[in-house]
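Fold and geometry: a report
Letter by letter, the chains look like this.
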Amino acid sequence: SMSTHDSKGTTVCVHSVCVAPQQRRQGIASRILAAYTESIKQYNAREGAKAIERLAMLSREDLVPMYKRAGYTCLGQSGIVH
């Protein structure tokens, strides 16, 4: 639920990756996601355990293919409205 926050939770949810319209389709969002994913891996390495077990993404349906190319897996439609 987006109405609560668990500071000790093991899931991080990305709600948006924003790129200016004139800069889109240049791989910028993919590089942002790759850098973010790498930062999570580095964070986990520093913590000595999997402090973050899962990265989740909330996305518009038309953007799902881009997120899949970035390594995310579509698990279906979320009940969360953002």
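To be clear, the structure that these remarks concern was listed above.
To keep things clear, this report deals only with the structure shown in the data block. Given the structure is predicted, the values throughout are model-derived calculations rather than measurements.

The next subject is the overall build of the protein. Along its length, the protein carries two helices and two strands. Ordered by position from N to C terminus, the α and β elements of the protein give β-α-β-α. Dimensions along the principal axes, computed over C-alpha positions, put the protein at roughly 40 × 30 × 20 Å. Expressed as a percentage of its 82 residues, the buried residues of the protein come to 17%.

We now examine the environment of Val 19. Of note, Val 19 is situated in the loop between strand S1 (11-14) and helix H1 (28-47). Considered as a pair, Val 19 and Ala 29 are ten residues apart in the sequence and their alpha carbons are 6.6 Å apart. In this structure, Val 19 is in contact with Arg 24, Ile 28, Ala 29 and Ile 32, ignoring residues within four places of it in sequence.

Turning next to the packing of aromatic side chains. As enumerated under the stated definition, the model contains one aromatic pair in all. Relative to Tyr 72, the ring of Tyr 67 lies with its centre 6.4 Å away and its plane at 80°, an arrangement referred to as edge-to-face. With respect to class, Tyr 67 is no different from Tyr 72; both count as buried.

Across all of its chains, the model carries one salt bridge by this definition. Close ionic contact of Asp 62 with Arg 60 constitutes a salt bridge, the shortest N to O distance being 3.1 Å. Judged by its relative accessible area of 53%, Asp 62 falls in the exposed class. For Arg 60, a relative accessible area of 54% gives the class exposed.

Following the sequence through the fold, Thr 10 ends up in the segment before S1. Sequence separation between Thr 10 and Ile 28 is 18 residues, and the spatial gap between their C-alpha atoms is 27 Å. For Thr 10, the residues in contact, after removing those within four places along its chain, are Ala 51, Ile 52, Glu 53 and Arg 54.

In this section: H1. One turn of the α-helix equals 3.6 residues, which is why residues spaced by three or four share an orientation. Its 20 residues give H1 an end-to-end C-alpha distance of 29 Å, which sits within 8% of 28 Å, the value for a rise of 1.5 Å per residue. Taken residue by residue, H1 has Ala 29, Leu 33, Ile 40 and Asn 44 as its buried positions. One face of H1 carries all of its buried residues, which in axial projection span an arc of 55°. Turned more than 90 degrees away from the buried face of H1 sit Arg 31, Ala 45 and Arg 46, all of them exposed. Buried residues belonging to H1 abut strand S2 (54-57) and helix H2 (64-69). Immediately beyond the C-terminal end of H1, within one or two residues, lies Gly 48, with a positive phi of roughly 80°.

Thresholds applied
- Residues numbered from 1 in each chain as written.
- Predicted model: local features only at pLDDT ≥ 70, side-chain atom pairs only at ≥ 80, totals over all residues.
- Heavy atoms only, no water.
- Helix = DSSP H or I, 4+ residues; strand = E, 2+ residues; numbered from the N terminus.
- Buried < 20%, exposed > 50% of the residue type's maximum accessible area, 1.4 Å probe, protein only.
- Contact = heavy atoms within 4.5 Å.
- Phe/Tyr/Trp six-rings, centres within 6.5 Å; stacked < 30°, edge-to-face > 60°.
- Salt bridge = Lys/Arg side-chain N within 4 Å of Asp/Glu carboxyl O.
- Expected span 1.5 Å × (residues − 1).
- Arc of directions from axis to C-beta.

This is a description of form; function is not addressed.
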